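# Fold and geometry: a report
Residues per chain are reported as follows:
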Amino acid sequence: MKRVIQPMLFVLIALGLSGCVKQAEEAPKEVAPVVLVAPQNGDDAQWKEYLGKVVANNMAGVTDRVFPYYLPENSTAPVEGDYEGKSMYDRQLEQVASAVQRTVLPGNMLAFGSPDSATMANMIEAAFTDAKPDALKDSQVLFIGKAEDAERVRVAVEAAGARYIFVEAK
């Protein structure tokens, strides 16, 4: 009986090992990352989709929530029907400044992007003006914009203690 079991055991082990080799050969090869290209127009739907993909590619270190902020083109014009005559820029500045003043919990990300990079950079600078040095300690700020706006945003964000991530919208 022992003579029958041993050869069968060897056959089963050999089959098992051959299956492992076959799986290793069939393993998918690494796929090159997709290069994201910013929409060349101010279409809000396309921009929001693009910004969502950029945020998804920069989630390393985020252990809690992402707070996305988007400004469309012409966001400084007063919004029709706004009872105070404020613009989208004004309203978003109030929201971000309030969040920064309350502080942002570790593990969170504030993500900013707009087809109007300069206006978004202005808003970030203004919102972070009176931030405490540790208001964003262990949190992250992602700015998706033009290279010429990156440095001034970095200075404002790092002064509040956040990790700064810049992605050029090309």
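Our subject is the structure that appears above.
Residues numbered from 1 in each chain as written. Predicted model: local features only at pLDDT ≥ 70, side-chain atom pairs only at ≥ 80, totals over all residues. Heavy atoms only, no water.

## Some thoughts on the overall build of the chain
In terms of regular secondary structure, the chain is built from 5 helices and 4 strands. Along its sequence from the N terminus, the chain presents helices and strands in the succession α-α-β-α-β-α-β-α-β. By residue count, 35% of the 170 residues in the chain fall in the buried class. Sequence-distant contacts, at least 24 apart, represent 66% of the contacts inside the chain between residues at least 6 apart. (Helix = DSSP H or I, 4+ residues; strand = E, 2+ residues; numbered from the N terminus. Buried < 20%, exposed > 50% of the residue type's maximum accessible area, 1.4 Å probe, protein only. Contact = heavy atoms within 4.5 Å.)

## Structural notes on helix α5 (residues 147–159)
Spanning 13 residues, α5 covers 19 Å between terminal C-alpha atoms, matching the ideal 18 Å at 1.5 Å per step. By the burial criterion, the buried members of α5 are D149, A150, V153, A156 and V157. In the core, the buried residues of α5 are packed alongside α4 (117–128), β3 (140–145) and β4 (163–168). (Expected span 1.5 Å × (residues − 1).)

## Let's talk about helix α2 (residues 44–57)
Between its first and last C-alpha, α2 extends 20 Å over 14 residues, near the 20 Å set by a 1.5 Å rise per residue. Where α2 is concerned, the buried positions are W47, Y50, L51, V54 and V55. Along α2, the residues classed as buried sweep out an arc of 135 degrees about the axis, all on the same side. Looking at the buried positions of α2, the neighbouring elements they touch are β1 (66–70), β2 (109–113), β3 and β4. Of the residues that open α2, the one with a side-chain oxygen 3.2 Å from the backbone nitrogen of A45 is D43. (Arc of directions from axis to C-beta. Polar contact = N/O pair within 3.5 Å; in protein donor to acceptor, adjacent residues only side chain to side chain.)

## Examining the side chain of S139
Tracing the chain through its elements places S139 in the loop between α4 and β3. Dropping the residues within four chain positions of it, S139 is found in contact with V104, L105, P106, G107, N108, A162 and R163.

## Remarks on unusual backbone geometry
At N74, a position not held by glycine, the phi torsion is positive, near 60 degrees. Judged by relative accessible area, which is 63%, N74 ranks as exposed.

## Focus: the packing of α4 against α5
Contact pair α4 / α5: the axes reach a minimum separation of 9 Å and the direction vectors enclose 15 degrees. Considering the angle they form, α4 stands roughly parallel to α5. Seen along the crossing, α4 lies across α5 with a hand that is left-handed. Counting all contacts with α4, which are made through S117, A118, A121, N122, I124, E125 and F128, the residues of α5 involved are D149, R152, V153, A156 and V157. Split by residue class, the contact of α4 with α5 holds 7 nonpolar, 2 polar and 3 charged. (Axes fitted to C-alpha atoms, helices over the stretch in contact; angles between N-to-C directions. Parallel < 35°, antiparallel > 145°, perpendicular 65-115°, else oblique. Left-handed = near helix turned anticlockwise from the far one by under 90°. Nonpolar A, V, L, I, M, F, W, Y, C, P; charged D, E, K, R; others polar.)

Purely geometric numbers; function is a separate question.
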